[in-house]
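Notes for the structure review
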Amino acid sequence: MKILVPIKRVVDYNVQVRPTDDGRQVELAGVKMSPNPFDENALEEALRLKEAGLATEIVAVTFGNSMNQDVLRHALAMGVDRAILVDVDKQPDSLGVAKLLKAIVKRETPQLVLMGKQAIDYDAGQTPQMLAGLLGWPQGTFVSKVEFKGEQVEVTREIDGGTETLKLQLPVVISVDLRLNSPRFVKLPNLMMAKKKPIETLSASELVPNCESKLKTLGISYPPSRKPAQMLTSVDELIGKLKNEAGVL
Amino acid sequence: MSILVLAEHDGQKIKISTLQAIGAAKQMGSPVHLLIVGNQIREVVADAQSLENVDKVLVAEASRFNHLLAEDVAPLVAMIATDYQALVAAHTSFARDVLPRTAALLDVAMISDVLEIHSPKTFSRPIYAGNLVAMVQSEESIQVLTIRGNRFSPVNNSDSHIAVIEAIDIPDLPINTIWISEDKQASDRPALSTAKVVVSGGRSLGSKEQFESTLGPLAANLGAAIGATRAAVDSGYASNESQVGQTGTQVAPDLYIALGISGSIQHTAGMKDSKVIVAVNLDPDALIFQVADYGLVADLFDVVPQLNNALAKN
Ligand SMILES: Cc1cc2nc3c(=O)[nH]c(=O)nc-3n(C[C@H](O)[C@H](O)[C@H](O)COP(=O)(O)OP(=O)(O)OC[C@H]3O[C@@H](n4cnc5c(N)ncnc54)[C@H](O)[C@@H]3O)c2cc1C
Ligand SMILES: Cc1cc2nc3c(=O)[nH]c(=O)nc-3n(C[C@H](O)[C@H](O)[C@H](O)COP(=O)(O)OP(=O)(O)OC[C@H]3O[C@@H](n4cnc5c(N)ncnc54)[C@H](O)[C@@H]3O)c2cc1C
């Protein structure tokens, strides 16, 4: 079984982002970038499937520019077999990414696409479902457990108020939750070795001629901020405030 | 043109999150049609028929809709949605599973977790764990949206209103997914996402036993749901479905009590909409105090029993 793992390069989750001065975009200059955390879980799961003898090859792919090579190096250092960088002029929307991924799937013919359930920058959580729809494949979303049974895979999904278990017929798209596993640490020697491995580069316009987004960002702003807390000194005072000032008791 | 809302129900009634989605659709100004998919849904349809602002109830009833699978539902919704200006649902796990797939089948981009509707084509949504808000304009032929329920007023049932019912022809598709089982925690407590009061705990609760024995009685006294941080969930103190935050449940109760929670942006992303926030933390510099209305620098294990005493006296 061949596995495709898409990896998005996103602002590191510890960074406090802000709008650019003109309020039109998110300020990304000089900001620390990392692989999307959920994609690391997807990678980890793919590697475990290979270690268990269930997968034969793992291919990582990212859509971006040459700067995105770092997340592919990270994936190579973790242990993927090959890496593909698809050059895009402008970050496509989720549908655009799904269309590009579909083209990669046609080229690579994996049986499984393992991806993050959402990207922590735009939090759209759409790409995996869109890809599954475009391919006409079954989808397992928000997955916290994966178990292969021949040509079928049983997945446990996080749903509102609990979990649900589905059995999907391969080939499938699975989007993973953080709870699936704990990604391994990348050792420095591996990172050094990964620097030497080749990265295949493709051009997006050759894969899918027209991926122009019909979504336009008009502006970026801060949400309304809350006033700092009134600091109280006792539970009695708190109860008084909740009763008389806030009126919630 | 009209707006199609994809309904969620429990087999008897339409869920509150859907009533909020209809409230959002109403803001876009057009007649609203409600699509109900399921098996043995007569009571649900009867409930839906008297909902304000719903002109028509579309019913897709079949035994294979006993459990709803995205692979099965998305093509059905896509088939119907082409006649509409917009397709709207609440940002629940069901709609997050089904709507992006539907959007892809319609070949249109989608906008998730809409906080505000400025015009029928302009929306605000949170990005970066709700640290920023993006205003997005769409030139798509059909707007496919999931909306943040608690930002919109739910519609009510009305005695004087009866919507038209229309049965939908169901396409017969081969489905490569089998539903196996579901595990939902049965609890006397109110549901986290719609509770009026939420009591939440973090890693500092120390163990599963302490989490339950500390938060349980307080929640009982307040009629509250129990929430948790991811750190608490990962440590096994609380169940997955109690996680509040960017990657968990979004809550907006009248009162949110955060006990021993540091206030990371991933957590506050899920509770900042609460009307009144109380934070108890040992660390006076904890980030949680920046989003709280009332703060107590104290040991939660001292505070909770005192709160229980004071509430018992009330
Ligand atoms: C301010 C702003 C607001 C936006 N709002 C929207 C919006 O509402 N709807 C919308 O469709 N687009 C929106 N976009 C466009 C956004 O840039 C793309 O949609 C984005 O690349 C894909 O969405 P996501 O990152 O949330 O991916 P998700 O769908 O959340 O990603 C899920 C998974 O898909 C894979 N993946 C996604 N992108 C890539 C990539 N580039 N390379 C490799 N793997 C990837 C990863 O495995 C990831 O974990 C917006 C852009 C901006 C600037
Ligand atoms: C991609 C991603 C997604 C995430 N999604 C979420 C999410 O959806 N929800 C979420 O919650 N987290 C999420 N996280 C994790 C988040 O970043 C934080 O790690 C987490 O919220 C911290 O939980 P905590 O406050 O319980 O623990 P800590 O940060 O360890 O804080 C414990 C706090 O308790 C206080 N304390 C200790 N003892 C006591 C006592 N006796 N009395 C009072 N106070 C005490 C301490 O001062 C401290 O402030 C996510 C992380 C990532 C990377």
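For chain B, the name recorded in an unreviewed UniProt entry is Electron transfer flavoprotein subunit alpha, with Sulfuriferula nivalis as its organism. What UniProt records for chain B under Sequence similarities (unreviewed entry) is the sentence "Belongs to the ETF alpha-subunit/FixB family." Per UniProt, chain B has the following entry under Function (unreviewed entry): "The electron transfer flavoprotein serves as a specific electron acceptor for other dehydrogenases. It transfers the electrons to the main respiratory chain via ETF-ubiquinone oxidoreductase (ETF dehydrogenase)."

Per an unreviewed UniProt entry, chain A is named Electron transfer flavoprotein subunit beta, and its organism is Sulfuriferula nivalis. Regarding chain A, the relevant UniProt record gives this comment under Sequence similarities (unreviewed entry): "Belongs to the ETF beta-subunit/FixA family."

Topic: the overall build of chain A
Helix and strand content of chain A: seven helices and 13 strands. Projecting the C-alpha coordinates of chain A onto the three principal axes gives extents of approximately 65 × 45 × 40 Å. Expressed as a percentage of its 249 residues, the buried residues of chain A come to 54%. Within chain A, counting contacts between residues at least 6 apart in sequence, those at least 24 apart form 70% of the total. Of the charged side chains in chain A, 32 are positive and 31 negative; the average position of the first set lies 1 Å away from that of the second.

Structural notes on the overall build of chain B
Secondary structure summary: chain B contains eight helices and 16 strands in total. Taking 20 Å as the expected radius of gyration for a compact globule of 314 residues, we find that chain B reaches 21 Å, a close match to that expectation. Taking all 314 residues of chain B together, 59% fall into the buried category. The long-range fraction of contacts in chain B, counting pairs at least 24 apart against all pairs at least 6 apart in sequence, stands at 63%. Carbon and sulfur atoms make up 47% of the accessible area of chain B, which totals about 12300 Å².

A short note on the packing of aromatic side chains
Under the defined criterion, the tally for this structure stands at one aromatic pair over all chains. Measuring from ring centre to ring centre gives 6.0 Å for Tyr-122 of chain A and Tyr-128 of chain B, while their planes differ by 70°; the resulting arrangement is edge-to-face. Residue Tyr-122 of chain A is located in the loop between strand E6 (112-116) and helix H4 (127-135), and its partner Tyr-128 of chain B is located in the loop between strand E7 (122-127) and strand E8 (132-138); the two belong to separate chains. Under the relative-accessibility criterion, Tyr-128 of chain B is labelled buried at 7%. Cation over ring: Arg-96 of chain B sits above Phe-142 of chain A, and NZ or CZ is 4.7 Å from the ring centre.

Quick notes on the nonpolar core
Ranked by size, the top nonpolar core spans 58 residues in total, and within it Phe-63 of chain A together with Leu-6, Leu-35 and Val-144 of chain B carry the most contacts. Among all residues touching Leu-35 of chain B, those that are not within four sequence positions of it are Leu-4, Val-5, Leu-6, Ala-7, Leu-58, Ala-60, Val-77, Ile-80 and Ile-168 of chain B. One finds Val-57, Val-59, Ile-117 and Leu-145 of chain B within the second-largest nonpolar core, a separate group that totals 41 residues.

Some details on the pairing of strand E5 (residues 110-114) of chain B
The two faces of the sheet receive side chains in turn, since in a regular strand these alternate between them. All names here are of chain B. By the criterion of burial, E5 is predominantly enclosed, with five of the five residues buried. Pairing geometry for E5 and strand E9 (residues 143-147), over three bridges, is parallel. Residue pairing in the sheet places Met-110 in a bridge with Val-144 of E9.

Describing the site of ligand 2
Residue and element names in this part refer to chain B. Every one of the 29 residues lining ligand 2 counts as a neighbour, but Arg-203, Thr-229, Thr-247, Ser-262 and Asn-281 are closest to it. The backbone of Gln-246 places a nitrogen or oxygen atom 3.2 Å from an oxygen atom of ligand 2. For ligand 2, whose unbound accessible area comes to 990 Å², protein coverage reaches 83%. Elements supplying a minimum of two residues to the shell around ligand 2: helix H6 (230-234), helix H7 (265-268) and helix H8 (300-313). Classifying every residue of the shell around ligand 2 gives eleven nonpolar, 14 polar and four charged.

Quick notes on the UniProt feature "domain: Electron transfer flavoprotein alpha/beta-subunit N-terminal" (unreviewed entry) in chain B
Following the UniProt record, the feature "domain: Electron transfer flavoprotein alpha/beta-subunit N-terminal" (unreviewed entry) maps to residues 3-183 of chain B here. Helix makes up 25% of residues 3-183 of chain B and strand 34%. Its end C-alpha atoms lie 33 Å apart.

Regarding unusual backbone geometry
Omega for the bond connecting Leu-170 of chain A with Pro-171 of chain A falls within 30 degrees of zero, at 0°, which places this linkage in the cis form. Inspection of the secondary structure assignment puts Pro-171 of chain A in the loop between strand E9 (162-169) and strand E10 (172-176). One non-glycine residue with positive phi stands out, namely Asp-107 of chain B, at about 55°. Take Asp-107 of chain B: its relative accessible area is 43%, and that puts it in the partly exposed class. We note that Asp-113 of chain B has phi near 60°; this positive angle belongs to a residue other than glycine. One can find Asp-113 of chain B in strand E5.

Comments concerning the confidence of the model for chain B
In this model, chain B carries a mean pLDDT of 96, and residues with pLDDT of at least 70 account for 100%. Across the interfaces of the predicted complex, the ipTM metric reaches 0.96, alongside a pTM of 0.95.

Focus on the site of ligand 1
What surrounds ligand 1 is a group of 34 residues, the closest being Lys-8, Asp-39, Ala-119, Gly-125 and Thr-127 of chain A. In this structure, Asp-121 of chain A approaches ligand 1 through a side-chain N or O atom, which is 3.5 Å from an oxygen atom. Contact between ligand 1 and Gly-125 of chain A: an oxygen atom at 2.7 Å from a main-chain N or O atom of the residue. For ligand 1, the accessible surface in isolation is 930 Å², of which the surrounding protein chains cover 95%. Listing elements by their share of the shell around ligand 1, those giving two or more residues are strand E4 (57-64), helix H3 (94-108), E6, H4 and strand E12 (215-221) of chain A together with E5, E7 and E8 of chain B.

Conventions adopted
Residues numbered from 1 in each chain as written. Chains lettered and ligands numbered in written order. Predicted model: local features only at pLDDT ≥ 70, side-chain atom pairs only at ≥ 80, totals over all residues. Heavy atoms only, no water. UniProt positions renumbered as here; feature names shortened; annotations may be inferred. Helix = DSSP H or I, 4+ residues; strand = E, 2+ residues; numbered from the N terminus. Buried < 20%, exposed > 50% of the residue type's maximum accessible area, 1.4 Å probe, protein only. Contact = heavy atoms within 4.5 Å. Lys, Arg positive; Asp, Glu negative; His and termini not counted. Charge placed at Lys NZ, Arg CZ, Asp CG, Glu CD. Rg over C-alpha atoms; globule rule 2.2 N^0.38 Å. Areas by Shrake-Rupley, 256 points an atom, 1.4 Å probe, with all protein chains shown as cover. Phe/Tyr/Trp six-rings, centres within 6.5 Å; stacked < 30°, edge-to-face > 60°. Lys NZ or Arg CZ within 6 Å of the ring centre and 35° of its normal. Core = buried A, V, L, I, M, F, W, Y, C linked by side-chain atoms within 4.5 Å. Pairing = 2+ DSSP bridges. Near = heavy atom within 4 Å. Polar contact = N/O pair within 3.5 Å; in protein donor to acceptor, adjacent residues only side chain to side chain. Nonpolar A, V, L, I, M, F, W, Y, C, P; charged D, E, K, R; others polar. pLDDT = per-residue confidence, 0-100.

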